[in-house]
Amino acid sequence: MGIGIRYPDMACPAFATLPNGAQMPLLGYGTWQANFCVQAGAEELEAAVDAALRCGYRHIDTAAFYLNEPSIGKVIQEKWIDTGKVRREDLFLVTKLPPTRLRAPAVRPTLQRSLRDLRTDYVDLYLVHAPFGILERGDELLPVGEDGNVLLDMETDHVAVWKAMEEEVDAGRAKAIGISNFNQRQIQRILDNCRIRPANLQVELHVYLQQRPLVEFCQQNGITVTAYSPLGSPGSEKIYNSVGIEVTFPDLISNPVVKEIASALNKTTAQVLLRHIVQRGIAAIPKSTNERRIAQNIQVFDFELSAEDMVKLDALDRGDEGRLIDMKFVVGVENHPEYAW
Ligand code: A2P
């Protein structure tokens, strides 16, 4: 460990066990939006990743789509591995295959590029980022046609892509593979046609969208679940606004029920929202570029929510009405045959 500095060995003592036996820390550091839509520059993100590692996060979630893999790779390699503060095997790195590469032949080179950017030989988990494919045009994230709509790849074939994902496990470049933003029907189709079962589903999940049926389905099928936007993603409104869609997200952090529970426990509302998720055995990947909040968000293992508090929080579920991230900032995405909602 580091010289003269004490780093918490076990800031996140709780894990989900993947089918390959790997232990995924239940509290991870999310980086979506940290470097997208010019939310944070590379320097700010690098300082935040360094802070997250200092605070004890070992699970880091990124994606080729977030354009921040080089920053994350730089911090991990130069500030943590090269200095002996952490070993690669102590980290749990997750990245994702972007929609513009949702074709079987694109899987291998795309993962290889992510590995180069992350400066590692393997990822602990490689996810198919979304069920809909987008046509590739250079390095554009979301190529758009003259009508303003994204150029959809209507030929998306999940089973063919999954076979290529399995080959990445065989090659050792991905220790485990999974999916993100898939619905139950789409996951079932993979289960019916796979050699290696998905290890993880990453979906939007928070107190207003508790995803009860989907989580139950995953648990029955040995698929771990990771919650993105666990705090309700304040800030993602900007991404909608940037394409001219006016949305106002509800403020989960100031929900009175959550506030009352938090004040009785002497915790913050964010900690209660995160604890509600991890206490269900679901991983959560809150994002922050603020060191105080980064530190706060991982301190959710020194208290427990009572059965009564859990019932009160469970009752805040709005079902599908609670969904905030419907992906429609990808203009025209709902016309794709695999658009999930
Ligand atoms: P900031 O980076 O200034 O901390 P989610 O993970 O649900 O998408 O939410 C991320 C957003 O929530 C970011 O805008 C982040 O802002 C903010 N955030 C993260 N942690 C906390 C916290 N503990 N309390 C309040 N807001 C938070």
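Here the residue numbering is sequential within each chain, running from 1 through the sequence in written order. Totals for whole chains, interfaces and linings use every residue, but because this is a predicted model, local features are given only for residues with pLDDT of at least 70 and side-chain atom pairs only at 80 or more, for both listing and counting. For the side-chain quantities, the full set of heavy atoms in the structure was used; hydrogens and water were omitted.

Colleague: When you look at the side chain of asparagine 200 in this model, what are you seeing that I'm missing?
Modeller: What counts as a helix is a DSSP run of H or I of at least four residues, what counts as a strand is a run of E of at least two, and both are numbered from the N terminus. Among the secondary structure elements, asparagine 200 is positioned in strand S10 (residues 200–204). Judged by its relative accessible area of 0%, asparagine 200 falls in the buried class. Polar contact criterion, stated in full: a pair of N or O atoms within 3.5 Å, where within protein one must be able to donate a hydrogen and the other to accept it, and residues adjacent in sequence count only if both atoms are side-chain atoms. In this structure the side chain of asparagine 200 is engaged in a polar contact, spanning 3.0 Å, whose partner is the side chain of threonine 226. When checking whether two residues touch, look at their non-hydrogen atoms; a contact exists if any pair is within 4.5 Å. Leave out the neighbours within four places in its chain, and asparagine 200 touches Met24, Leu125, Leu127, Ile177, Gly178, Ile179, Ile223, Thr224, Val225 and Thr226. Summary of the burial criterion: residues with accessible area below 20% of their type's maximum are buried, those above 50% are exposed, and those between are partly exposed, where the area comes from a 1.4 Å probe applied to protein chains only.

Colleague: Got a minute to help me understand the packing of helix H8 (residues 256–265) against helix H11 (residues 307–314) in this structure?
Modeller: Relative orientation and spacing of two packed helices are given, respectively, by the angle between their axes and the distance between those axes. Axis separation between H8 and H11 bottoms out at 10 Å; the angle between their running directions is 160°. In terms of orientation, H8 lies roughly antiparallel with respect to H11. When the axes of H8 and H11 are compared, the crossing they make is left-handed. Seen from H8, the contacting residues are Val257, Val258, Glu260, Ile261 and Leu265; seen from H11, they are Asp309, Lys312 and Leu313. Polar here means any residue other than Ala, Val, Leu, Ile, Met, Phe, Trp, Tyr, Cys and Pro, which are nonpolar, and Asp, Glu, Lys and Arg, which are charged; Gly is therefore polar. Considering only residue class, the contact of H8 with H11 consists of 5 nonpolar, no polar and 3 charged. Note on geometry: axes are C-alpha line fits, over the in-contact stretch for helices, and angles between N-to-C directions span 0 to 180 degrees. In what follows, roughly perpendicular refers to angles from 65 to 115 degrees, roughly parallel to angles under 35, roughly antiparallel to angles over 145, and oblique to any angle outside these ranges. Here a crossing is taken to be left-handed if its near helix is turned anticlockwise relative to the far helix by less than a right angle, and right-handed if that turn runs clockwise.

Colleague: Hey, could you run me through the environment of leucine 115 in this one?
Modeller: With respect to the helices, strands and loops of the structure, leucine 115 is situated in helix H3 (residues 104–118). Residues leucine 115 and alanine 174, 59 residues apart in the sequence, show an inter-C-alpha distance of 9.7 Å.

Colleague: Looking at this structure, I do not really get the site of the ligand. What am I missing?
Modeller: Among the 16 residues in the neighbourhood of the ligand, the closest are listed as Leu231, Lys287, Ser288, Arg293 and Asn297. Interatomic distance of 3.0 Å between a backbone N/O atom of proline 234 and an oxygen atom of the ligand. Serine 288 has a polar side-chain atom sitting 2.5 Å from an oxygen atom of the ligand. Each accessible area is a Shrake-Rupley estimate made with a 1.4 Å probe; only the visible protein chains count as cover when residues are assessed. Notes on the ligand: free accessible area 570 Å², of which the protein chains cover 83%. Among the elements that take part in the shell around the ligand, helix H10 (residues 291–298) stands out by supplying 3 residues, more than any other. Distances are taken per atom, and a residue is near a molecule or strand as soon as one of its heavy atoms is within 4 Å of it.

Colleague: Before we go on, may I ask you to explain the pairing of strand S11 (residues 224–228) in this structure?
Modeller: Looking along a regular strand, one sees the side chains alternate between the two faces of the sheet. Within S11, 5 of the 5 residues are buried, leaving the element largely enclosed by the surrounding structure. Burial along S11 is two-sided: Thr224, Thr226 and Tyr228 facing one way and Val225 and Ala227 facing the other are all buried. When DSSP finds at least two bridges between two strands, those strands are taken to pair. Summarising the sheet, S10 and S11 pair through 5 bridges and their orientation is parallel. Each bridged residue has a counterpart across the sheet, and for glutamate 204 the counterpart in S11 is tyrosine 228.

Colleague: It is not clear to me how the pattern of salt bridges should be interpreted in this structure. Could you clarify?
Modeller: A side chain of one charge can pair with a side chain of the opposite charge when the charged atoms of the two come close. One side-chain nitrogen of Lys or Arg within 4 Å of one carboxyl oxygen of Asp or Glu is enough to make a salt bridge. Across all of its chains, the model carries 20 salt bridges by this definition. Taking the shortest distance from any N to any O, the salt bridge between glutamate 291 and arginine 54 comes out at 2.7 Å. Of this pair, glutamate 291 sits in helix H10 while arginine 54 sits in helix H1 (residues 42–54), placing them 237 residues apart in sequence. Of the charged contacts, one joins arginine 101 and glutamate 136 as a salt bridge, the two residues approaching to 3.5 Å between their closest N and O atoms. With arginine 101 in the loop between strand S5 (92–97) and H3 and glutamate 136 in the loop between strand S7 (133–134) and strand S8 (152–153), the pair connects residues that are 35 residues apart, well separated along the chain. When its relative accessible area of 14% is taken as the criterion, arginine 101 is described as buried. On the basis of relative accessible area, glutamate 136 is assigned to the partly exposed category, the value being 42%.

Colleague: Is there a simple way to explain the state of the cysteines in this structure?
Modeller: Disulfide: a covalent bond connecting the sulfur atoms of a pair of cysteines. Disulfides are defined in this document as cysteine sulfur pairs within 2.5 Å. Within the structure shown, the criterion is met by 0 disulfides. Here cysteine 194 is not cross-linked by a disulfide; its sulfur's nearest cysteine counterpart is in cysteine 218, at 13 Å. On the accessibility criterion, cysteine 194 (21% relative accessible area) is partly exposed.

Colleague: Please clarify how the packing of aromatic side chains should be interpreted in this entry.
Modeller: Two aromatic rings, taken as a pair, are described by how far apart their centres are and by the angle between their planes. Here a Phe, Tyr or Trp ring, Trp counted by its six-membered ring, pairs with any other such ring whose centre lies within 6.5 Å, and the pair is stacked when the planes are under 30 degrees apart, edge-to-face when over 60, and tilted otherwise. Under the defined criterion, the tally for this structure stands at 7 aromatic pairs. On the numbers, 5.3 Å between centres and 85° between planes, the contact of tyrosine 240 with phenylalanine 329 is edge-to-face. Here tyrosine 240 is found in helix H7 (residues 237–241), whereas its partner phenylalanine 329 is found in the segment after H11, with 89 residues between them in sequence. A relative accessible area of 3% places tyrosine 240 in the buried class. Here a set of aromatic residues connected by ring pairs shows up, and it is made of Trp32, Phe65, Tyr66, Tyr240, Phe249 and Phe329.

Colleague: For this particular structure, what's the right way to read the confidence of the model for the protein chain?
Modeller: Low pLDDT marks regions whose predicted coordinates should not be analysed in detail. On average, the protein chain scores 93 in pLDDT, and the residues at 70 or more come to 95%. When the criterion is pLDDT under 50, residues 1–9 qualifies, and its contacts beyond four places in sequence or with other chains add up to 13 contacts. Each residue carries a pLDDT score, the predictor's own confidence in it, on a scale running from 0 to 100.

Colleague: What should I look at first to understand the UniProt feature "active site" (unreviewed entry) in the protein chain in this one?
Modeller: UniProt positions are given in the numbering used here, feature names are shortened, and annotations may be inferred rather than shown by experiment. Taking the numbering used here, the UniProt-annotated feature "active site" (unreviewed entry) corresponds to Tyr66. Along the polypeptide, tyrosine 66 turns up in the loop between strand S4 (59–61) and helix H2 (69–81). The buried category is assigned to tyrosine 66, whose relative accessible area is 5%.

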